Amino acid sequence: MKFEDYVYERPDLELMKREFDQSIMQIKEAKNFDEVMTGVEKIQKLTNEIDTQRTLISIRHSVNTKDWFHEQEQDFWNEQSPIINDWLADYYQAVIDSPYRKELEEVLPSTFFTYAENQLKLNDPKIIPLLQEENRLSTEYGKLRASAELEYQGKNYNLFSLGAFLESTDRSVRKEVSQLILGFYEEHQDEFDEIYDKLVKVRHEMAQALGFENFVPIGYLRQGRVGYGPKEVAQYRQYVLDHVVPVAQKLYKRQQERLNIEPMQHYDWFLTFPTGNATPIGSAEDILQTGVNMYHEMSKETGEFIDFMVEKNLLDLVAKPGKDGGGYCTYIPNYQSPFIFSNFNGTSGDVDVLTHEVGHAFQVYESRWIKTPEAVWPSHDGAEIHSMSMEFFAWPWMEQFFGDGANKYKFAHLSDAVQFLPYGVLVDHFQHEVYENPALTPKERRELWRQLEREYLPHKEYHENEFLQQGGFWFQQLHIFTAPFYYIDYTLAQVVALQFWNRAIIQKDPKAWDDYLALCQKGGTKPFLQLVEEANLLSPFEEDTFKSVIAQADQYLSNVSEDTLK
């Protein structure tokens, strides 16, 4: 069965609620462990059915935000999901309070109990309207971005397909396209400000309703973090300032000298090489076929996986009008199917997103054996290890994607991995400040962004764009609106992934892939720091580890001669 044949049917929630209640009662009144597990398994089946239908409509809506039916169904799920979460809270309470808790801990992953306890801290029927409003506003943000249809050189583009022109070697093209893209955000500044202002206020209101001082603890609970909190994250951000910002600025200086542009403008930073950035060979179909060939050569497991994805049409890769932005991987439980969504636009980012999202999809494909829905995926910090590491495991095949441009791609890709870290922690720092100070006005938030940008990204000067100079860049960052406090997870995982890069690419360690595969197969059965340890990797919260990882990348990049990048 192919993805287009996967059946969406809005569930009868009244019937499901009765079945939930009956199963929860069975857990509470069980006279033996077998009866408890029967109730748990019934809930797991109901949860998978709900997640299947919810995910199908989410995918189909993001593929075409203009489709009326999918829009209506997305609105339905925005309203009902918080209510369903309330049902699940009753289930979690029943399991945690069960006299058979010890026996349950022997068959359910430990992370299930951590997740359940976190959800109970976040659950209260009185915040359901606030959660519904949060969902509605997040969807509104996606629809606003997807509404952009910008004309350039006689053709219409969305924001993401137009972005390919930002890598043009023609500076006038880069400038024109940048003005078009930023013009859309500036034109809709009041709408973006209003959506975010409402999101901040509704999140602060729910935090106070749950007894928290502000939304920050909720953000951490939602991310399922174990073993670290805001104090450790603040120290980690300082590591980035101390050890990464200088390396990143050195790379930006090399780029400026390479391009021979003084001063660099905001539309110049997307071009890495004067002869043009590395671009993948062929069409989107060609890129996918190269990926299929690569995954067949990489391992037996990845070969089986990519065949499954292609044969079932579980990849929607190309940008088109009305399609939501960005890229993601999700999972459809009842069909045991990962799904990859992206917006190919003819740049090296197409290969990045293919390998990145395949990392997610391969992990969840390998974790399908896990019967506990809450543990099929790791928490986000762990999940991003799979995606970012897969980008590096794909390096030996870059000649097939880029031909003679493979060296340029590898240099740019590793440089981006390092340069991303200051931006990633900037996003996190911004969100901490915003949610700790929810009374900030939209103007003050934009000023705060610009202030932090000067700290983490000191090369960024916006001589020719007042909108960016006043702090408007962050409107483009989906996670700030829809997934608060997620973004630091990318940076933590990047430091871990760079260890896989060093082992697999530099040291040629044959055990690196074995550790990666085992990591994927563990899914979310262990918390982040334990997953890192069991993969024979080191914690990014240890400063010596952090310094060593960055030094290895810096040494590699410093040894790359500019003559090899022409």
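Residues numbered from 1 in each chain as written. Predicted model: local features only at pLDDT ≥ 70, side-chain atom pairs only at ≥ 80, totals over all residues. Heavy atoms only, no water.

### Describing the UniProt feature "domain: Peptidase M3A/M3B catalytic" (unreviewed entry) in the protein chain
Within the UniProt annotation, "domain: Peptidase M3A/M3B catalytic" (unreviewed entry) is assigned to residues 165-544. What you have in residues 165-544 is 62% helix and 4% strand, and the ends, taken at the C-alpha atoms, are 40 Å apart. (UniProt positions renumbered as here; feature names shortened; annotations may be inferred. Helix = DSSP H or I, 4+ residues; strand = E, 2+ residues; numbered from the N terminus.)

### As for the nonpolar core
Core analysis: the biggest nonpolar cluster contains 183 residues, and Tyr91, Tyr196, Tyr236 and Phe481 have the highest contact counts within it. Sort the elements by how many residues they give to this core and helix 17 (residues 406-436) lands first, with 16 residues. Here Phe481 is in contact with Ser138, Tyr141, Phe192, Ile195, Tyr196, Leu199, Arg203, Trp474 and Phe475, once residues within four sequence places are set aside. (Core = buried A, V, L, I, M, F, W, Y, C linked by side-chain atoms within 4.5 Å. Buried < 20%, exposed > 50% of the residue type's maximum accessible area, 1.4 Å probe, protein only. Contact = heavy atoms within 4.5 Å.)

### Description of unusual backbone geometry
The omega torsion of the bond from Glu262 to Pro263 falls at 0°, within 30 degrees of zero and hence cis. Take Pro263: it is sitting in the loop between helix 11 (230-259) and helix 12 (284-298). With a phi angle near 50°, Gln153 is a residue other than glycine that sits in the positive phi range. Inspection of the secondary structure assignment puts Gln153 in the loop between strand 1 (150-152) and strand 2 (155-157). In this structure Gln153 comes out as exposed when scored by relative accessible area, which is 58%.

### As for the pattern of salt bridges
A full pass over the atoms with the stated rule returns 35 salt bridges. Measuring nitrogen to oxygen at the nearest pair gives 2.9 Å for the salt bridge that ties Arg445 to Asp197. With a gap of 248 residues between them, Arg445 in helix 18 (residues 442-456) and Asp197 in helix 9 (residues 189-209) connect regions that are remote in the sequence. In this structure, Arg445 and Asp197 share a single accessibility class: buried. Taken together, the shared-partner salt bridges in this structure form one network comprising Arg101, Glu105 and Glu117. (Salt bridge = Lys/Arg side-chain N within 4 Å of Asp/Glu carboxyl O.)

### Describing the sheet that holds strand 3 (residues 315-318)
With mixed pairing, three strands are arranged side by side in an open sheet as 3-5-4. A strand with exactly one partner marks an edge of an open sheet, and here the two such strands are strand 3 and strand 4 (328-332). On average, each strand axis in the sheet is tilted by 15° relative to the strand beside it, whichever way the strands run. Relative to strand 5 (residues 337-344), strand 3 is paired through three bridges, and the arrangement is parallel. Residue pairing across strands places Leu315 opposite Ile340, the latter belonging to strand 5. Helix 2 (residues 33-63) rests against strand 3, strand 4 and strand 5 of the sheet, and its axis sits at about 145° to strand 4. (Pairing = 2+ DSSP bridges. Axes fitted to C-alpha atoms, helices over the stretch in contact; angles between N-to-C directions.)

### A word on the packing of helix 1 (residues 13-29) against helix 2
Relative to each other, helix 1 and helix 2 sit at 155°, their axes nearing to 7 Å. As judged from the angle between their axes, helix 1 and helix 2 are roughly antiparallel. As helix 1 packs across helix 2, the resulting crossing turns out to be left-handed. Mapping the contact onto sequence places Met16, Glu19, Phe20, Ser23, Ile24, Gln26, Ile27 and Glu29 in helix 1 and Glu35, Val36, Thr38, Gly39, Val40, Lys42, Ile43, Leu46, Thr47, Glu49 and Ile50 in helix 2. Looking at the contact of helix 1 with helix 2 residue by residue, the class counts come to nine nonpolar, five polar and five charged. (Parallel < 35°, antiparallel > 145°, perpendicular 65-115°, else oblique. Left-handed = near helix turned anticlockwise from the far one by under 90°. Nonpolar A, V, L, I, M, F, W, Y, C, P; charged D, E, K, R; others polar.)

### Focus: helix 3 (residues 68-97)
Compared with an ideal rise of 1.5 Å per residue, which puts 30 residues at 44 Å, helix 3 spans 44 Å between its outermost C-alpha atoms and is within 8% of the ideal. Of all the bends found along helix 3, the most pronounced is centred on Gln80 and spans about 35°, while Pro82, a proline, follows it within four residues. The backbone nitrogen of Phe69 has a side-chain oxygen 3.1 Å away, supplied by the residue at the start of helix 3, namely Asp67. (Expected span 1.5 Å × (residues − 1). Bend = angle between axes of the 7 residues up to and from the residue. Polar contact = N/O pair within 3.5 Å; in protein donor to acceptor, adjacent residues only side chain to side chain.)

### A word on helix 8 (residues 171-187)
Think of an α-helix as turning once every 3.6 residues; residues three or four places apart then point the same way. The end-to-end C-alpha distance of helix 8 is 24 Å, a good match for the 24 Å that 17 residues give at a rise of 1.5 Å each. Every buried residue belonging to helix 8 is among Val173, Arg174, Val177, Ser178, Ile181, Leu182, Phe184 and Tyr185, and all of these are buried. Viewed along the axis of helix 8, the buried residues span an arc of 145°, placing them on a single side of the element. Buried residues along helix 8 sit in contact with helix 6 (128-146), strand 1, helix 7 (159-162), helix 9 and helix 19 (466-469). (Arc of directions from axis to C-beta.)

### A look at the packing of aromatic side chains
If you walk through the whole model with that rule in mind, you get 62 aromatic pairs. An angle of 70° between the planes, with centres 5.8 Å apart, marks the rings of Tyr92 and Phe112 as edge-to-face. On the criterion of sequence distance, the pair formed by Tyr92 in helix 3 and Phe112 in helix 5 (residues 110-122) is long-range, its members being 20 residues apart. As far as burial versus exposure is concerned, Tyr92 and Phe112 are alike and both buried. Seen from their ring centres, Phe305 and Tyr365 are 5.4 Å apart, and the 70° between their planes marks the pair as edge-to-face. Linking Phe305 in helix 13 (residues 300-311) with Tyr365 in helix 14 (residues 349-366), this pair joins segments that are 60 residues apart in sequence. (Phe/Tyr/Trp six-rings, centres within 6.5 Å; stacked < 30°, edge-to-face > 60°.)

### Describing a negative patch on the surface
Side chains of Asp242, Glu542, Glu543 and Asp544 sit close together on the surface and give a patch of like negative charge. Tracing the backbone through its elements, the reader meets Asp242 in helix 11. (Patch = residues over 30% accessible without salt bridge, like charges linked within 9 Å, V, L, I, M, F, W, Y side chains within 5 Å. Areas by Shrake-Rupley, 256 points an atom, 1.4 Å probe, with all protein chains shown as cover. Lys, Arg positive; Asp, Glu negative; His and termini not counted. Charge placed at Lys NZ, Arg CZ, Asp CG, Glu CD.)

### Structural notes on the state of the cysteines
The bond known as a disulfide is covalent and runs between the sulfur atoms of two cysteines. In the structure shown here, the tally under the stated rule is zero disulfides. The thiol of Cys329 is not disulfide-bonded; the next cysteine sulfur, from Cys520, is found 11 Å away. (Disulfide = S-S within 2.5 Å.)

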